[in-house]
Every structure is written in structure tokens, then in C-alpha cells.
Amino acid sequence: SYFLYSALHKGKFTPPLKVYFKNNIYKKRDVYRAQQLLEFASFFGVNAKKAIWPKVYISPEERRLGEQYLSNIREKKSDLVIAMHPGSQYGYDRLWETKNYALLADRLIEKYRAKVIIFYAYKEKAFADSICRLSQHKIFKVFTKDIRQYFSVISGCNVFISSDGGPLHMAL
């Protein structure tokens, strides 16, 4: 993909390809970049008609570790576990206020007896702490730098709530 992108911007493509790439690929904001590049590759004989969805595969051992972590949170196997990643690396102006996340967590706990987990990144710790302080119920917090551990835990949750950022796209 870097080659195609680099070649486009260095003027290495003939005009019809360059026009197609700029007019059709860049304007499709609701399509993953991998799908966009496959569509572009159709000029070279690649069959790219089928939509693709990126998928991360976690090993059985990683899945077991995620389930083990969640079993420490669930009182019963049937307990509803809701994960929230309310932070954003893009700044707090794109987020709800912490009191709204706390209120949502409280309502989910009260109405569905859910176990709520707040995931956060290093720079989002104060935001996550504030949500937990404002909540009237126990909320579990998870911080991990290991993306595979992150996947292993969220894959075992029943619901994932996130702001517009990387975690939202990973959960899809």
C-alpha cells in the first residue's frame, strides 16, 4: 500500500489511474483503506469486488487469559460485561463529560446488573479515574500497553462502548 500511495504522490501513474485513485478512492471515507487499495488493484487484474473486514486473530492462549480476567469480574457466567473506552488521543473536546460516562455506567449497572469495565490509555488515566469517582457503583479499570491483551479482554465482553477512535475501529 505504501508503494501505491508513494507512486501516486510522485506522479508515477498515468493520468487515468491517477484520476481514478483521487476521485474514487479518497472520497470513500466509509471504506477501510485496505478495501480502497484492493479496488485500486482491480486495474491490475485483481478481483476486488468482495468487501473485506480487517480481523485480528487471537490465539487460544490469549483468549483463555482474557476469559480468566473476565471470570474475576463476573460473579456468574451469565453476568453481562460491558466494556467502555471513553478516552481519545485526539483530545477531550470530542468526548462526553466524565459525569455522562459515569451516569451511563450507573444506569447500565442498575438496569441490567452489568459489570462495567473502563479501558484507558496512559494519557487517559485521570479521565478514567474521574469517571470511577463520579459513579455510584464499582467500575473496573483496565490499562494495558499490550494490544493483544486488550483484544483478548474486549473479545469476551458482551458490549463495547467507545468514543470515535482506535478502540472503536478495533471492536468493529
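See the structure printed just above.
Every chain's residues receive numbers from 1 upward, in the order its sequence appears when written. Totals for whole chains, interfaces and linings use all residues, but because this is a predicted model, local features are given only for residues with pLDDT of at least 70 and pairs of side-chain atoms are given and counted only at 80 or more. The side-chain numbers reported here are obtained from all heavy atoms of the structure, hydrogens and water having been left aside.

Student: I'd like a description of the side chain of Asp 106, backed by residues and values.
Tutor: Every helix listed is a DSSP run of H or I at least four residues long, and every strand listed is a run of E at least two residues long, numbered separately from the N terminus. Looking at where Asp 106 falls in the secondary structure, it is placed in helix α5 (residues 98-112). For the exposure calls, accessible area comes from a 1.4 Å probe over protein chains only, and a residue counts as buried if that area is under 20% of its type's maximum, exposed if over 50%, partly exposed in between. When charges are tallied, Lys and Arg are placed among the positive residues and Asp and Glu among the negative ones, while His and the ends of the chain are skipped. Salt bridge, as used here, is a side-chain nitrogen of Lys or Arg placed within 4 Å of a carboxyl oxygen of Asp or Glu. Among buried Asp, Glu, Lys and Arg side chains, Asp 106 stands out as unpaired, with Arg 107 the closest opposite charge at 8.2 Å. We define a polar contact as two N or O atoms separated by no more than 3.5 Å, with the added condition that, inside protein, one atom must be a possible hydrogen donor and the other a possible acceptor, whereas residues neighbouring each other in sequence contribute only through side-chain atom pairs. Among the polar contacts made by the side chain of Asp 106, one reaches the side chain of Ser 135 at a distance of 2.5 Å. For Asp 106, the side chain forms a polar contact with the main-chain nitrogen of Gln 136, separated by 3.1 Å. Whether two residues touch is decided by their heavy atoms; if any such pair falls within 4.5 Å, the residues are in contact. Residues within four places of Asp 106 in sequence aside, it is in contact with Leu 134, Ser 135, Gln 136 and His 137.

Student: Can you break down unusual backbone geometry residue by residue, with the values?
Tutor: A positive phi angle, close to 55 degrees, is found at Arg 113, a residue other than glycine. Considering the arrangement of structural elements, one finds Arg 113 in the loop between α5 and β2 (115-120).

Student: An account of the sheet that holds β2 is needed here, citing residue identities and associated values.
Tutor: Neighbouring strands of a sheet are bound in pairs by backbone hydrogen bonds; such pairs are parallel or else antiparallel. An order of β3-β2-β1-β4 is seen for the 4 strands of this open sheet, with the pairing classed as parallel. Strand pairing shows two members of the sheet lacking a second neighbour, β3 (140-143) and β4 (159-162), which therefore form its edges. Direction aside, the axes of adjacent strands within the sheet are offset by 25 degrees on average. Pairing between strands requires that DSSP locate at least two bridges from one strand to the other. Where strand β1 (residues 81-85) and β2 come together, 4 bridges link them in parallel fashion. Its bridge partner lying in β2, Ile 82 is registered against Val 116. Between N-to-C directions, angles cover 0 to 180 degrees, with each direction set by a line fitted to C-alpha atoms, over the stretch in contact for helices.

Student: Before we move on, can you summarise helix α6 (residues 125-134) with the specific residues and values?
Tutor: Turning to α6, its buried residues number three or more, namely Phe 127, Ala 128, Asp 129, Ser 130, Ile 131 and Cys 132. Elements that come into contact with the buried residues of α6 comprise α5, β2 and β3.

Student: Break down the packing of α5 against α6 for me, with residues and values.
Tutor: At a minimum axis distance of 8 Å, the contact between α5 and α6 shows a crossing angle of 50 degrees. Classified by the angle between their axes, α5 and α6 sit oblique to one another. Note that α5 runs across α6; the crossing there is right-handed. Of α6, the residues touching α5 (which contributes Thr 98, Lys 99, Tyr 101, Ala 102 and Asp 106) are Phe 127, Ser 130, Ile 131 and Leu 134. When residue character is reported, Ala, Val, Leu, Ile, Met, Phe, Trp, Tyr, Cys and Pro are called nonpolar, Asp, Glu, Lys and Arg charged, and the others, Gly included, polar. Looking at the contact of α5 with α6 residue by residue, the classes come out as 5 nonpolar, 2 polar and 2 charged. Any angle that falls under 35 degrees is termed roughly parallel, while one over 145 is termed roughly antiparallel, one within 65 to 115 roughly perpendicular, and all others oblique. Take the far helix as your reference; a near helix turned counterclockwise from it by less than a right angle gives a left-handed crossing, and one turned clockwise gives a right-handed crossing.

Student: Help me get a handle on the pattern of salt bridges, residues and values and all.
Tutor: Tallied over the full model, the rule gives 6 salt bridges. Here Arg 148 and Glu 62 are joined by a salt bridge, their closest N and O atoms 2.7 Å apart. Separated by 86 residues along the polypeptide, Arg 148 in helix α7 (residues 147-154) and Glu 62 in helix α4 (residues 60-71) bring together distant segments of the chain. By relative accessible area, which is 33% here, Arg 148 ends up partly exposed. Here Lys 141 and Asp 129 are joined by a salt bridge, their closest N and O atoms 2.3 Å apart. Pair noted here: Lys 141 is in strand β3 and Asp 129 is in helix α6, with a separation of 12 residues, a long-range link. Under the relative-accessibility criterion, Lys 141 is labelled partly exposed at 33%. Residue Asp 129 is classed as buried on the basis of its relative accessible area, which comes to 19%.

Student: Pulling in residues and values, what's your account of α7?
Tutor: An α-helix turns once every 3.6 residues. As a result, residues three or four positions apart point the same way. Of all the positions in α7, only Tyr 150, Phe 151, Ser 152, Val 153 and Ile 154 are classed as buried. The opening residue of α7 is Asp 146, an N-cap whose side-chain oxygen sits 2.8 Å from the backbone nitrogen of Arg 148.

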